[in-house]
Amino acid sequence: MAKHHNHNEDKGHEHHHDEHEHNYEQHEHHNHHEHQDHNEHSGHGGHGGHGDHHGHMIEDFKKRFRVSLILAIPISYLSEMIQMLFGYEVNFTGDILLLFILSTIVFFYGGKPFLLGAWEELKEKTPGMMMLISLAIVTSYVYSTLTAFFIEGSDFFFELATLIVIMLLGHWIEMKSIMGASKALEELIKLMPKEAHKIDESGNIVEVTVEDLHPGDQILVKSGEKIPLDGEIFEGESSVDESMLTGESVPVEKSPGMEAIGGAVNGDGVLKIKVSKTGEDTYLSQVIKLVSDAEKTKSKAQGFADSAAKWLFYVAIIVGIITLAYWATTGDFEFALERMVTVLIIACPHALGLAGPLVTSRSTSIAAKKGLLIRNRTPFESGWKVDRVVFDKTGTLTEGNFGVTDLHPSSNVSEEELLKLAYSVETQSDHPIAKGIVKEGKARKLDAYDVKNYKNLTGKGLVAEVNGEEIAVVSPGAMSSNNISYDEKAFDQLAQQGKTVVFVLKDNVLQGMIALADIIRESSYQVIKELNDRGIETVMMTGDNTRVANYVGEALGISKIIAEVLPHEKSNNVKDLKQGGKKVAMIGDGINDAPALAEADLGIAIGTGTDVAIETADVVLVNSNPKDILNIVKLSKASHRKMVQNLGWAAGYNIIAIPLAAGILINIGIVITPAIGAVVMSLSTIICAVNAQLLKID
């Protein structure tokens, strides 16, 4: 890459850490504690294989579902309750033993994920869906085993088998529809070089591993190589591409005394660097730690279905104990035990297992059609509650590419001629500013002049021969060092707007100025307006200087502008914005945005962003259009409404069934039998399934 316009001279070093300091689901599904456990233990070093892990989990649930479904058929046929319901009788030697063996296989094999999940919830002291399911299946299995061999009473093997089958189906549907696992840490670790060229005391170059380096060591970085560790440049000049780290599209001109960040890519020059930070102290390691910590914190959040399950769990325990205590006073302990067991089983309706997953599956399908990739359900479910949306600037609100905004030709020079001269010379360069000028020249269908003797002036610009005359495109710094005068008032006005200005010279005579800026996306205007109209506060957070930030922020009508933010400060700013119970969504696309994306209540990545940002986000905008955040809010609201309706149908059944199961109306002959419970349960499940399919957004 050509070392080119030192357009950052007038901005100082502040532009170097641009706003792109940069959640796919921290784990595939908030209920799957097996997977959560997997994530908890993935530190720096061993985060590989997450995609495979997720695929194995889906296959595992599918296999358990199929085996349990096959075994549920003979269990249902042998069930006393089904025999009574359909008026047939099965009697053969060992029928009860066969029923018990089949049910035992379903309980331990099919119920294993729920039992393990319940144990995790118990350790975390956060009862949810897993503890509710486990309460029902453990109660039905233990009680049915007692009635099969030791005491009088009806068995609940049918309920045990069908509950496990339905819950496995629900979890399988939900996991399949989400299909994702966080690989953010794995992607971050991949960025770090493994080896370095160490300069020993004799000045010889020695190949060493990065782990062998210590602060104070000197290293050599050749052109095109990644910088191994953070340090200070003490010799050499080069343009360094920090876009993977900062999201800034413009390579930064580096010279002795300036900092180098590990993971950045060196340009054409050779740099000698004195290592200042190693191991966990480096910039990239700090980003890894921030992402990891934020992911763990967010992973503890409970989804809506989990919260409902938590309260049903408490209700079941309390009502169950009261039921046992009350009926035990009558002297019939077996009847009291049967009533309590019925309460505990009915507290976990089959419909609850499908109420959420069917909505999840439908909303994920709608999201995909709208260009949204949902990677973490729990934050997405809360998207409708967002009070503030924080936008990164470069590559999010703007295109991340330079475009020509102003042409200031000198007298006796036309705009077209000024642009044509610059366009002709810049076709020889691949610098982002050159690309912006070439793009404008092509858009205007200009014919480029023939260019000879092209030269790159390190840190100053370009020079070439056009029609026998020397044409140069140079930076403000080059103008000052060559004592060439220009309209400083016009220049200052452009610079105040955060624009980058280059000067076109013909045989050292000024032909005019060309101003460029990162072009604001057309869709950005609409999304900011609609969010403001909805009463959602818009915030722009950028590492760029205040002038650039104010120019873009004011043009868009953004409520709050936070500028000159260093990468590690972004997540702290998001924490501050969450104060007072505010729900904050963050949209970004660079590695330096990753900690903030993980910290936000809802992290959203632009699809064209870095892998790390995408892997860290909860939702990815596949079409890279910020306007799609409006669809996230709308879909989240519609999904939440359907979830509430479905949980209403599922739990509404409980509100009536639990007191009846407890025997509250037994004196007038009304009591829930297992057969009646099964019929009503099936009905509520069907209603939930149909209702989920009616989900849609405008």
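Not measured: the values here are computed from a predicted model. (Residues numbered from 1 in each chain as written. Predicted model: local features only at pLDDT ≥ 70, side-chain atom pairs only at ≥ 80, totals over all residues. Heavy atoms only, no water.)

As a further point, take the overall build of the protein. On a plain count of helices and strands, the protein comes out with 26 helices and 22 strands. Counting the 698 residues in the protein, one finds 57% classified as buried. Accessible area for the protein stands at about 28,300 Å²; split by element, carbon and sulfur atoms hold 55% of it. (Helix = DSSP H or I, 4+ residues; strand = E, 2+ residues; numbered from the N terminus. Buried < 20%, exposed > 50% of the residue type's maximum accessible area, 1.4 Å probe, protein only. Areas by Shrake-Rupley, 256 points an atom, 1.4 Å probe, with all protein chains shown as cover.)

Read from one edge to the other, the open sheet built from six strands follows the order β2-β1-β3-β9-β4-β7, with strand pairing classed as antiparallel. Of all strands in the sheet, those bounded by a partner on one side alone are β2 (205-209) and β7 (259-260). Pairing of strand β1 (residues 195-199) with β2 involves five bridges; the strand directions are antiparallel. Counterpart to His197 in the pairing with β2 is Glu207. (Pairing = 2+ DSSP bridges.)

A few words now on the UniProt feature "transmembrane region" (unreviewed entry) in the protein. According to UniProt, the positions carrying the feature "transmembrane region" (unreviewed entry) are residues 67-86, 92-110, 131-150, 156-173, 308-328, 340-360, 647-670 and 676-695. Secondary structure within residues 92-110 divides into 84% helix and 0% strand; the distance between the first and last C-alpha atoms comes to 27 Å. Counting secondary structure, residues 156-173 comes out at 94% helix and 0% strand; the distance between its end C-alpha atoms is 26 Å. (UniProt positions renumbered as here; feature names shortened; annotations may be inferred.)

The six strands lie next to each other as β12-β17-β16-β15-β14-β13, forming an open sheet whose pairing is antiparallel. Whereas interior strands pair on both sides, the edge strands pair on one side only; in this sheet they are β12 (398-409) and β13 (451-457). The average angle at which neighbouring strand axes cross in this sheet is 20°, direction not considered. Pairing between strand β16 (residues 500-506) and strand β17 (residues 509-520): seven bridges, direction antiparallel. Counterpart to Val502 in the pairing with β17 is Ile514. Where helix α17 (residues 432-443) meets the sheet, it contacts β12, β16 and β17, and its direction lies at approximately 65° from that of β12. (Axes fitted to C-alpha atoms, helices over the stretch in contact; angles between N-to-C directions. Contact = heavy atoms within 4.5 Å.)

A word on the packing of helix α13 (residues 350-369) against helix α25 (residues 629-661). Relative to each other, α13 and α25 sit at 160°, their axes nearing to 9 Å. Our classification of the angle between α13 and α25 gives roughly antiparallel. When the axes of α13 and α25 are compared, the crossing they make is right-handed. Seen from α13, the contacting residues are Ala351, Leu352, Ala355, Gly356, Val359, Thr360, Ser363, Ile366 and Ala367; seen from α25, they are Leu635, Ser639, Lys642, Met643, Asn646, Leu647 and Ala650. (Parallel < 35°, antiparallel > 145°, perpendicular 65-115°, else oblique. Left-handed = near helix turned anticlockwise from the far one by under 90°.)

Attention now goes to a nonpolar patch on the surface. The grouping of Ile96, Leu97, Ile101, Ile105, Phe149 and Phe150 at the surface amounts to a nonpolar patch, some 560 Å² of accessible area in total. With four residues, helix α4 (residues 95-110) is the single largest residue contributor to the nonpolar patch. Position of Ile101 among the secondary structure elements: in helix α4. What makes Ile101 partly exposed here is its relative accessible area of 40%. (Patch = residues over 30% accessible without salt bridge, like charges linked within 9 Å, V, L, I, M, F, W, Y side chains within 5 Å. Salt bridge = Lys/Arg side-chain N within 4 Å of Asp/Glu carboxyl O.)

As a packed pair, helix α6 (residues 129-149) and helix α11 (residues 304-328) sit with axes 7 Å apart at the nearest point and diverge in direction by 40°. Comparing their axes, α11 and α6 come out oblique. Two packed elements cross with a definite hand, and for α6 against α11 that hand is left-handed. Along its contact with α6, which presents Met129, Met131, Leu132 and Leu135, the element α11 presents Ala305, Asp306, Ala309, Leu312, Phe313, Ala316 and Ile317. Taken together, the residues of the contact of α6 with α11 break down into 10 nonpolar, no polar and one charged. (Nonpolar A, V, L, I, M, F, W, Y, C, P; charged D, E, K, R; others polar.)

The next thing to look at is the environment of Leu531. With respect to the helices, strands and loops of the structure, Leu531 is situated in helix α20 (residues 522-533). Given a relative accessible area of 0%, Leu531 falls into the buried group. Residues Leu531 and Lys627, 96 residues apart in the sequence, show an inter-C-alpha distance of 9.6 Å.

All told, the structure shown has 16 salt bridges when counted by the stated rule. Of the charged contacts, one joins Lys570 and Asp392 as a salt bridge, the two residues approaching to 3.4 Å between their closest N and O atoms. Separated by 178 residues along the polypeptide, Lys570 in helix α22 (residues 569-577) and Asp392 in the loop between β11 (388-391) and α15 (393-397) bring together distant segments of the chain. Of the two residues examined, Lys570 and Asp392, each falls in the buried class.

Every α-helix carries 3.6 residues per turn, so stepping three or four residues along brings you back to the same face. Among all positions in helix α21 (residues 546-556), only Val548, Ala549, Val552, Gly553 and Leu556 are buried. Burial along α21 is one-sided: seen end-on, the buried residues are contained in an arc of 120°. Buried residues along α21 sit against α15, β12, β17, α20, β18 (537-541) and β19 (560-562). Once α21 finishes, Gly557 follows within two positions and takes phi at roughly 80°, a positive value. (Arc of directions from axis to C-beta.)

Core analysis: the biggest nonpolar cluster contains 104 residues, and Leu352, Val389, Phe391, Leu531, Ile604 and Ile632 have the highest contact counts within it. Considering each element in turn, this core owes the most residues, 13 residues, to α25. If we ignore the near neighbours within four places in the chain, the residues touching Leu352 are Met129, Leu132, Met167, Ala309, Leu312, Leu647 and Ala650. Of all hydrophobic cores here, the second largest spans 23 residues; its members include Leu419, Ala422, Ile433 and Ile471. (Core = buried A, V, L, I, M, F, W, Y, C linked by side-chain atoms within 4.5 Å.)

What follows concerns the side chain of Ser424. Among the secondary structure elements, Ser424 is positioned in helix α16 (residues 415-426). At 2.7 Å, the side chain of Ser424 forms a polar contact with the backbone oxygen of Lys420. In this structure, Ser424 is in contact with Ala448, Tyr449 and Val451, ignoring residues within four places of it in sequence. (Polar contact = N/O pair within 3.5 Å; in protein donor to acceptor, adjacent residues only side chain to side chain.)

With that settled, the discussion passes to unusual backbone geometry. As a rule of thumb, non-glycine residues mostly have phi less than zero, and peptide bonds are mostly trans rather than cis. Its identity as a non-glycine residue notwithstanding, Asn467 has a phi of 55°, on the positive side. Within the secondary structure layout, Asn467 lies in the loop between β14 (461-466) and β15 (469-474). Accessibility expressed as a relative area gives 56% for Asn467, which makes it exposed. A positive phi angle, near 55°, is found at Asn483, a position not held by glycine. With respect to the secondary-structure elements, Asn483 resides in the loop between α18 (476-481) and α19 (488-496).

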